[in-house]
Amino acid sequence: MKVFAHKEPGAPAEELEVERPELDGSAVIVRVTHSGVCHSDVHCQDGYFDLGDAGRYELTAAGARYPVVLGHEIVGEVVAAGPDATLTPGDTKFIVFPWIGCGDCHACSEDRENYCSRRKRNLSVQLRGGYAEEVYLPDERYLVPLGDIDPSFGATLACSGLTSYSAAKKIMPVPADEPVAVIGAGGVGLMTIAVLRALGHQNIVAVDMSEAALANATKIGASATVTVGGQNLVTEIVTAGGGKIAAAIDLVNNGDTSNAALFAMANGGTLVSVGLFGGQYKFPTALAAFNLLNIRGNFVGSLPELKELVQLAQDANLPVPPIKEAPLNAQEVNAALDGLRQRTLNGRAVLVAP
Ligand SMILES: [Zn+2]
Ligand SMILES: [Zn+2]
């Protein structure tokens, strides 16, 4: 099968032919029809994540082996199935859940595979991802029916959508009129605002450096905006929300943003740290105690959460972000990754198989 792989950190994607894995148990091969290009793939192409003062987290330390096939926002159809699979090859489209764990640990037994600390099998890291003609899945249970959702939008639900949904759930329950800050109004931020709205939340303060991003945020449901500039970010967030915030979802998470969120927070508030921009928490530990604060990390989401999100997308008619489609090939993988890296891409990129 054809894959568009990176042979080493920093290398562009190139077309390679690899062997189709044998299928045992309920494993399946999915023909990729739609493959979203997510910002985390830019870090994966670099080969590491920035850990601030702690240095770098190398992709190989997470279990990746080169050449790696990135891409974890996949929609496709089953073309081959193991002897125990109940699905038969056919034309039904599925969203692929890519955040697969070891399958044996306590977290995995509770369907919280994104919490697995053992031998993860995430697509695009330890297993080959969706910049490919076909993708191998160890079990058919990781397929969620697409229903009548647009397939390009459906692909984005597997990572940016799921991340937004899982982060939004971590601040719930919170009264609908209490201020919640969403920091960063890029692809994941806009989706987070849309999800909060769909869950009934009303007081949403969007925070970003870009006026254009904030205009998008207002369009999709933010009730107030704060432009990051030279002024006091904490005061501005509190003023925009009409009081100290009950929660913040930080899609930037670079140290400056996490500090501002913590200082702007009401007692008992929750900060959900999502972004991978790198940095350090620098906040008085005693204030975390006095103010009874919660700091929670969020990395993607679980399979049950993806199913809930797909249901929500169908029931609540979630607004679709601008999506730029291009053919699924090595050249377009590289063009989309470059567009994300240079911030010249407005909205989301999804590669579509010929
Ligand atoms: Zn992603
Ligand atoms: Zn596990």
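Residues numbered from 1 in each chain as written. Chains lettered and ligands numbered in written order. Predicted model: local features only at pLDDT ≥ 70, side-chain atom pairs only at ≥ 80, totals over all residues. Heavy atoms only, no water.

By the naming in an unreviewed UniProt entry, the protein goes by Alcohol dehydrogenase and is assigned to Kocuria gwangalliensis. UniProt's Cofactor (unreviewed entry) comment on the protein is quoted here verbatim: "Zn(2+)". UniProt, in the comment section headed Sequence similarities (unreviewed entry), describes the protein in these words: "Belongs to the zinc-containing alcohol dehydrogenase family." (UniProt positions renumbered as here; feature names shortened; annotations may be inferred.)

Across its full length, the protein holds 10 helices and 17 strands. Computed over the C-alpha atoms, the radius of gyration of the protein is 20 Å, within 12% of the 20 Å expected from 2.2 N^0.38 for a compact globule of 354 residues. If one aligns the C-alpha atoms of the protein with their principal axes, the spans along those axes are about 60 × 40 × 40 Å. For the protein, the residues scored as buried account for 54% of the 354 residues in total. (Helix = DSSP H or I, 4+ residues; strand = E, 2+ residues; numbered from the N terminus. Rg over C-alpha atoms; globule rule 2.2 N^0.38 Å. Buried < 20%, exposed > 50% of the residue type's maximum accessible area, 1.4 Å probe, protein only.)

As a further point, take helix H9 (residues 303–315). Here H9 is 13 residues long and its end C-alpha atoms lie 18 Å apart, about the 18 Å a rise of 1.5 Å per residue gives. Leu303, Glu305, Leu306, Leu309, Val310, Leu312 and Ala313 are the residues of H9 that are buried. Considering only its buried residues, H9 is in contact with strand E7 (94–96), strand E9 (143–145), helix H3 (151–170) and helix H4 (187–198). (Expected span 1.5 Å × (residues − 1). Contact = heavy atoms within 4.5 Å.)

Moving on, we get to the environment of Cys38. Here Cys38 lies in the loop between strand E3 (28–37) and helix H1 (40–46). In contact with Cys38, not counting residues within four places along its chain, are His72, Glu73, Tyr131, Cys159, Leu340 and Arg348.

Protein-derived ligands of the zinc ion (ligand 1) are Cys38 (SG), His72 (NE2) and Cys159 (SG), with the metal-ligand distances lying across 2.0 to 2.2 Å. We note that the donor set of the zinc ion (ligand 1) lies within a single chain, spaced as C-x33-H-x86-C. Here the residue Cys38 occupies a position in the loop between E3 and H1, and His72 occupies one in the loop between strand E5 (56–58) and strand E6 (73–81), the gap between them amounting to 34 residues. The residues Cys38 and His72 share a single accessibility class, namely buried. (Donors = N, O, S within 2.8 Å, 3.2 Å for Na, K, Ca; no water.)

This part is about the side chain of Thr257. Residue placement: Thr257 occurs in helix H7 (residues 256–263). Excluding residues within four positions of it along the chain, Thr257 makes contact with Ile183, Asp250 and Val252.

Turning our eyes to something else, we now look at the packing of H3 against H9. To describe two helices that pack against each other, one gives the angle between their axes and the distance between the axes. Running from amino to carboxyl end, H3 crosses H9 at an angle of 105 degrees, the nearest separation of the two axes being 9 Å. Taken as axis vectors, H3 and H9 run roughly perpendicular relative to one another. Taken together, the residues of H9 that come into contact with H3 (itself represented by Phe153, Leu157, Ala158, Gly161, Leu162, Tyr165, Ser166 and Lys169) are Glu305, Leu306, Glu308, Leu309, Val310, Leu312 and Ala313. (Axes fitted to C-alpha atoms, helices over the stretch in contact; angles between N-to-C directions. Parallel < 35°, antiparallel > 145°, perpendicular 65-115°, else oblique.)

For the zinc ion (ligand 2), the full set of protein donor atoms is Cys102 (SG), Cys105 (SG), Cys108 (SG) and Cys116 (SG), at a range of 2.3 to 2.4 Å. For the zinc ion (ligand 2), the four donor atoms in the first shell make angles of 104 to 116 degrees at the metal, so the coordination geometry reads as tetrahedral. In terms of primary sequence, the donors binding the zinc ion (ligand 2) are separated according to C-x2-C-x2-C-x7-C. (Tetrahedral: all angles 85-135°; square planar, octahedral: opposite > 155°, others 65-115°.)

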